[in-house]
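As a plain string of letters, each chain reads:
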Amino acid sequence: MYGQPQQAQTYGQPQHTQPQQPYGQQAPAYGQPTYGQPSYGQSGYGQPGYGQPQSPPPYPPAPPAKGGNGFAVASLIFGIIGGIPLAIGFGIAGLVRSAKVGRGKAMSVIGIVLSLLWLIPVIYLATHVAKAVDPGCIAAKATVSTYGDAKLNADSNNPAAMKNDLQTIVSQLNDAAAKSNSTEASTAIKKLATDFDELLTDLNKAQQPSSDLQNRINTDAKAVDSACGTLGS
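From a predicted model like this one, the values you see are computed outputs, not experimental measurements.

Reading the values: the criteria
- Residues numbered from 1 in each chain as written.
- Predicted model: local features only at pLDDT ≥ 70, side-chain atom pairs only at ≥ 80, totals over all residues.
- Heavy atoms only, no water.
- Helix = DSSP H or I, 4+ residues; strand = E, 2+ residues; numbered from the N terminus.
- Buried < 20%, exposed > 50% of the residue type's maximum accessible area, 1.4 Å probe, protein only.
- Phe/Tyr/Trp six-rings, centres within 6.5 Å; stacked < 30°, edge-to-face > 60°.
- Salt bridge = Lys/Arg side-chain N within 4 Å of Asp/Glu carboxyl O.
- pLDDT = per-residue confidence, 0-100.
- Contact = heavy atoms within 4.5 Å.
- Core = buried A, V, L, I, M, F, W, Y, C linked by side-chain atoms within 4.5 Å.
- Expected span 1.5 Å × (residues − 1).
- Arc of directions from axis to C-beta.
- Polar contact = N/O pair within 3.5 Å; in protein donor to acceptor, adjacent residues only side chain to side chain.

Engineer: Looking at this model, I keep getting lost on unusual backbone geometry. Mind explaining?
Structural biologist: Keep in mind that most residues, glycine aside, have a negative phi and that most peptide bonds are trans. Even without glycine at this site, A206 takes up a positive phi of about 55 degrees. By the element assignment, A206 lies in the loop between helix 7 (183–204) and helix 8 (213–227). Take A206: its relative accessible area is 71%, and that puts it in the exposed class.

Right, dumping it as structure tokens:
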């Protein structure tokens, strides 16, 4: 106003003025970002902040290392040397293990197959051994061994000795058949004893034995060998 001194303006210093705001709008407070405007150094709507480097994506985890299959190796080894129970047991475990580690299936199968192949001779031998230890078979084989072809041929020119041999053979074979625990062996031994008894009867009657008697004796002797588990019969 007139009569009041105006404040002097310092030369070289700008006057601080505030921008005029539109009518009805209020200026933002100090330190707060303007609504709708991005703030430097802050992220907005899922985007990285300005001036901040983006980190590289993490590498995928390395697949776990596959283990070995010792069961399969053990099955193969025991299958080769004839360890039947161990080969089969380790083979089954190896097959289960192979489904997890992806190896050893072929060795497990080979080990099991080899063990099954070993079963053939083992079963054959076990069967023959079981038959051979039959008490009737042991007694019958002892009789046939003592009174074989050599003994009978030697006594063929002596009717009394021949009759004694045949009587002993028939008696001992019938006793052996009674001792046997195997029906098959007992039947075969009795049949052989019947053949020798027929030969003894013909000799006592001084008549020619039947033409097929010798073949029947040979056939029935082989039947005793088979029933008693003689190898190669």
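Engineer: Please explain the packing of aromatic side chains as it appears in this structure.
Structural biologist: The geometry of two aromatic rings is summed up by the distance between their centres and the angle between their planes. A complete count under the given rule lists two aromatic pairs for this structure. Here the aromatic rings of F71 and F90 are separated by 6.3 Å at their centres, their planes lie at 25 degrees, and the arrangement is stacked. You can see F71 sitting in helix 1 (residues 70–81) and its partner F90 sitting in helix 2 (residues 84–101), a full 19 residues away along the chain. Classification of F71 as partly exposed rests on a relative accessible area of 39%.

Engineer: Please explain the pattern of salt bridges as it appears in this structure.
Structural biologist: In a structure, side chains of opposite charge can pair up when their charged atoms sit close to one another. The full count for this structure, using the stated rule, is five salt bridges. Measuring nitrogen to oxygen at the nearest pair gives 3.3 Å for the salt bridge that ties D212 to R216. For D212, a relative accessible area of 34% puts it in the partly exposed group. One connected set of salt bridges, linked through shared partners, spans D195, E198, D212 and R216.

Engineer: Is there a simple way to explain the confidence of the model for the chain in this structure?
Structural biologist: Regions with low pLDDT carry predicted coordinates that are not meant to be interpreted in detail. On average, the chain scores 80 in pLDDT, and the residues at 70 or more come to 70%. Throughout residues 40–46 the model reports pLDDT below 50, and contacts reaching past four residues in sequence, or to other chains, amount to seven contacts.

Engineer: Where do I start with the nonpolar core in this structure?
Structural biologist: Grouped together as the largest cluster of nonpolar side chains are 23 residues, with contacts concentrated most on I169, L173, I189, L192, F196 and V224. Those elements that provide at least two residues to this core are helix 4 (135–146), helix 6 (159–179), helix 7 and helix 8. Each residue touching V224, except ones within four places of it in the same chain, is listed here: A188, I189 and L192.

Engineer: Got a minute to help me understand helix 4 in this structure?
Structural biologist: For the α-helix, the turn length of 3.6 residues means that residues three or four positions removed from each other point alike. For helix 4, built from twelve residues, the straight-helix expectation of 16 Å at 1.5 Å per residue is met to within 8% by its first-to-last C-alpha distance of 17 Å. Taken together, the buried positions of helix 4 are occupied by G136, C137, A140 and T143. End-on view of helix 4: buried residues confined to an arc of 125 degrees, all on one side of the axis. Turned more than 90 degrees away from the buried face of helix 4, the exposed residues are S145 and T146. Buried residues along helix 4 sit against helix 3 (105–132), helix 6, helix 7 and helix 8.

Engineer: Sorry, what's going on with the environment of R216 here?
Structural biologist: Tracing the backbone shows R216 in helix 8. Classification of R216 as partly exposed rests on a relative accessible area of 26%. Linking R216 and F196, residues 20 residues apart in sequence, is a C-alpha distance of 10.0 Å. A distance of 3.1 Å separates a polar atom in the side chain of R216 from a polar atom in the side chain of E198.

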